[in-house]
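A closer look at the structure
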Amino acid sequence: MGRYPQIEPYDHGMLDVGDGNRVYWETCGNPHGKPALVLHGGPGSGCDPYFRRLFDPAAYRIVLIDQRGCGRSTPHASAYDTDMSVNTTAHLIADLELLRRHLGIGRWLVWGVSWGSVLGLRYAQTHPSAVSELVLTGVATGSNPEVDLLTRGLGQIFPEAFERFLGELPAGERDGNLALAYNRLVESPDPEVRARAARAWTDWETATIPAPPRSVERFEDPAFRMGFARTVTHYFGHDHYMGDGNDEGVVLRDAHLLKDIPGTLVQGSLDFGNLLGIVWRLHHAWPGSELVIVDDVGHNAGAPDMTEALVAATDKYAGR
């Protein structure tokens, strides 16, 4: 079972969500089908046409959105004068509710990848009546230990790349919150400092995929690179704007709130996020969830076997 054929949106627009922000949205598939919302990763990646192909276009009304500050939404986080104080998890959740009402949707299946899984989980926990099912991959919960793993713990696996990553920071900031330290650099008034920090951050991200540094095409776009690095460090450095200081994090703490929402977790066996056991803990704390492990795949929703598992999950819920 592969991806469905490529389709184009039948409608799209820019939704004014307040605070000077306008978010891009599009709808594809069957206008009378089962509504499904797609949440991209990052934070700050933007939606991808690939996501449309994970849903039966005859069965689903597929809604994609570029979250605040990224993709086609405005203002873009790459612009130095973009106000990031109005880009938080609470703001993004409010945007989803505004879009749902704008499109006249009662409940929708929520699909999320990586950061999108964090946002989808928290959205479902705070607005359970709006979510019919969840399909999540590259699963994360946004806790501080997960951020520490991605920014420091993986340094034991990629020591050469980690040495370069640390080396871009002032010596006095290498022992603390690395994401916050990088966020201070990408918020610098000096454009050269910002550009160097954004490049160093994305080099570290590509090294831990793993892939050779600077091999990911999207990171070669200066605007994407800056917007992505600024948004990720903004969230990573501030508990994803939903932390309460504990090591478990609010998503795992509140997993019981998902008890009436069916869900499928599709996870690669080689995803580094598995090192903390997060997806297993979430599955066991969430009654009614299904965990599908895809062998020999990392943090890659586009891998063929991952695609097959994700399509199987959306097909499963299509008639529900």
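Values in this document were obtained by computation on a predicted structure and should not be read as measured data. (Residues numbered from 1 in each chain as written. Predicted model: local features only at pLDDT ≥ 70, side-chain atom pairs only at ≥ 80, totals over all residues. Heavy atoms only, no water.)

Description of the packing of helix H5 (residues 178–186) against helix H7 (residues 222–236)
Helix-helix packing: each pair is described by the crossing angle between the helix axes and the interaxial distance. Worth spelling out the cut-off: In this analysis, axes come from line fits to C-alpha atoms, helices being fitted only over the stretch in contact, and the angle between any two N-to-C directions falls in the range 0 to 180 degrees. Every helix listed is a DSSP run of H or I at least four residues long, and every strand listed is a run of E at least two residues long, numbered separately from the N terminus. Roughly parallel covers angles under 35 degrees, roughly antiparallel covers those over 145, roughly perpendicular covers 65 to 115, and oblique covers all other angles. Left-handed describes a crossing whose near helix is turned anticlockwise from the far helix through less than a right angle; right-handed describes the clockwise counterpart. When checking whether two residues touch, look at their non-hydrogen atoms; a contact exists if any pair is within 4.5 Å. For this scheme, ten residues count as nonpolar: Ala, Val, Leu, Ile, Met, Phe, Trp, Tyr, Cys and Pro. Four count as charged, namely Asp, Glu, Lys and Arg, and the remainder, Gly too, count as polar.
For the pair H5 and H7, interaxial distance at closest approach is 8 Å and the crossing angle is 140 degrees. Between H5 and H7, the angle is such that the two are oblique. Handedness of the H5/H7 crossing: left-handed. From H5, Ala179, Tyr182, Asn183 and Val186 reach across to H7, where they touch Arg230, Thr233, His234 and Phe236. When grouped by side-chain class, the residues that make up the contact of H5 with H7 number four nonpolar, three polar and one charged.

Points about the environment of Glu168
Keep this limit in mind: Definition of a polar contact: a pair of N or O atoms within 3.5 Å, with one able to donate and the other able to accept a hydrogen when the atoms are protein atoms, and with sequence-neighbouring residues admitted only if both atoms are side-chain atoms.
For Glu168, the location among the structural elements is in the loop between helix H4 (159–167) and H5. Leaving out residues up to four positions away in the same chain, Glu168 has contacts with Tyr182, Leu185, Arg196 and Ala200. Polar contacts involving the side chain of Glu168 include one to the side chain of Arg196, which spans 2.6 Å.

A word on the environment of Asp239
Relative to the helices and strands, Asp239 resides in the loop between H7 and helix H8 (250–253). Put simply, Asp239 and Val23 are 216 residues apart on the chain and 23 Å apart in space, counted from C-alpha to C-alpha. If we ignore the near neighbours within four places in the chain, the residues touching Asp239 are Gly142 and Asn144. A polar contact is formed between the side chain of Asp239 and the side chain of Asn144, at a distance of 3.2 Å.

Topic: the packing of helix H6 (residues 191–207) against H7
Running from N to C, H6 and H7 cross one another at 75 degrees; their axes reach a closest spacing of 9 Å. Regarding the angle of H6 to H7, the classification is roughly perpendicular. Across the interface between the two elements, Arg194, Ala195, Ala198, Arg199, Trp201, Thr202 and Glu205 of H6 pack against Arg225, Met226, Phe228, Ala229, Val232, Thr233 and Phe236 of H7. Here the contact of H6 with H7 is composed, by residue class, of eight nonpolar, two polar and four charged.

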